[in-house]
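Take a look at the letters that make up each chain.
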Amino acid sequence: MASNGVNGQIPEDANEHCPGPQSESAGKVDACAGCPNQEVCATTPKGPDPDLVSIAERMATVKRKILILSGKGGVGKSTFSAQLSFALAEADRQVGLLDIDICGPSIPKMLGLEGHDIHQSNLGWSPVYVESNSNLGVMSIGFMLPHPDDAVIWRGPRKNGLIKQFVKDVYWGELDYLVVDAPPGTSDEHISIVQFLQASGIDGAIIVTTPQQVALIDVRKEISFCRRVDIKVLGVVENMSGLKQHLSSDLKFSRVSESGSETDVTEWALNLIREKAPELLDTFVCSEIFDSSQGGAQKMCLEMGVPFLGKVPMDPQLCRAAEEGRSCFGDKSCSVSALALKGIIQKLIASE
């Protein structure tokens, strides 16, 4: 059963006397009052969408389309989308990264593309290409905002209209991968991208989570959404899976007094280690940030019958790479996170 009226079917959570999402009275009659799908049904165009043909033609040159989803915000979904795109491009794939997180477009910063504008040619809107890798093109509403601090305060229909423009009017050319960075949760944007891309096929979704139980609860809902709209779950990535830092370069030491004042003793501690146990300087310090006693994402994947792609530790160097808009794979200081990400990406490439 499709969710929220995808493919015109009645949603499972609809009211008892639902007229159907394709009805002219959808979302407008008394039977629709209080239904969670009321606004979507009332604003969605009825009947076949003539633009779907144009979208299918535009997407015909894209081999694989992958959605990057998360059940909640703050789990590192956009960071993963950016680094996945960097890695695929560096593996000689032609890659497009489409940012449909309309209200929180962070992709331009994570790709080092802040301040760029969208240009139009006779073929349509042109993606913005990463200077360090011409294999990677990006499209985001962030390129359309006069100032990066501007808030996008739009209702569903306007957001859906922009997503349709992105998939209908952007000329990607020949792509091996189109990576779609979606907003957290399951909202209008998710329903729209599924409707617009279904005709040309969606290869699947990768769901990003953290080990927290509250995050995993939302991931279960995300998996349920994918099943209801017939999107294959390619796998789940457990991000922020423990803190892992290189002792000699990242770690800071401090003493905290009873009054709460803090004193930096990093140099003293490192000198002591150099003197007493220099071999420790080549080790990593690991710490579990979230409760892992329940088994985390891996256990959840076994229970729900979906692939587990791997764990990515919380790496300060990866955070720094994302803040500076660069790939973590060419930076030796990102060895911890880069190695974990490479393992996940190799699984995707192996399934081509």
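Computed from a predicted model, the values in this text were never measured in an experiment.

Draft legend 1. The UniProt feature "binding site: ATP" (unreviewed entry) in the chain, seen in detail. Under the present numbering, the feature "binding site: ATP" (unreviewed entry) in UniProt falls on G71, K72, G73, G74, V75, G76, K77 and S78. Residues from the named set that contribute to the lining of the second largest cavity are G76. Here G73 lies in the loop between β1 (62–70) and α3 (77–90). Within the secondary structure, K77 is located in helix α3.

Draft legend 2. Expanded view of helix α10 (residues 316–323). For α10, every residue scored as buried is listed here: Q317, L318, A321 and A322. The buried side chains of α10 occupy one side of the element, clustering within an arc of 140° when seen end-on. Buried positions along α10 lie against α3, α4 (107–110), β13 (308–314) and α11 (335–350).

Draft legend 3. Fine view of the environment of Q317. Within the secondary structure, Q317 sits in helix α10. For Q317, a relative accessible area of 8% gives the class buried. In the structure, Q317 is positioned 20 residues away from S337 in sequence and 8.1 Å away in space, judged by C-alpha atoms. The contacts of Q317, once residues within four sequence positions are left out, are D250, S333 and C334.

The rules we used
Residues numbered from 1 in each chain as written. Predicted model: local features only at pLDDT ≥ 70, side-chain atom pairs only at ≥ 80, totals over all residues. Heavy atoms only, no water. UniProt positions renumbered as here; feature names shortened; annotations may be inferred. 1 Å grid on protein atoms, 1.4 Å probe; cavity = no way out; pocket = protein on both sides within 12 Å on 5 of 7 lines; lining within 4 Å. Helix = DSSP H or I, 4+ residues; strand = E, 2+ residues; numbered from the N terminus. Buried < 20%, exposed > 50% of the residue type's maximum accessible area, 1.4 Å probe, protein only. Arc of directions from axis to C-beta. Contact = heavy atoms within 4.5 Å.

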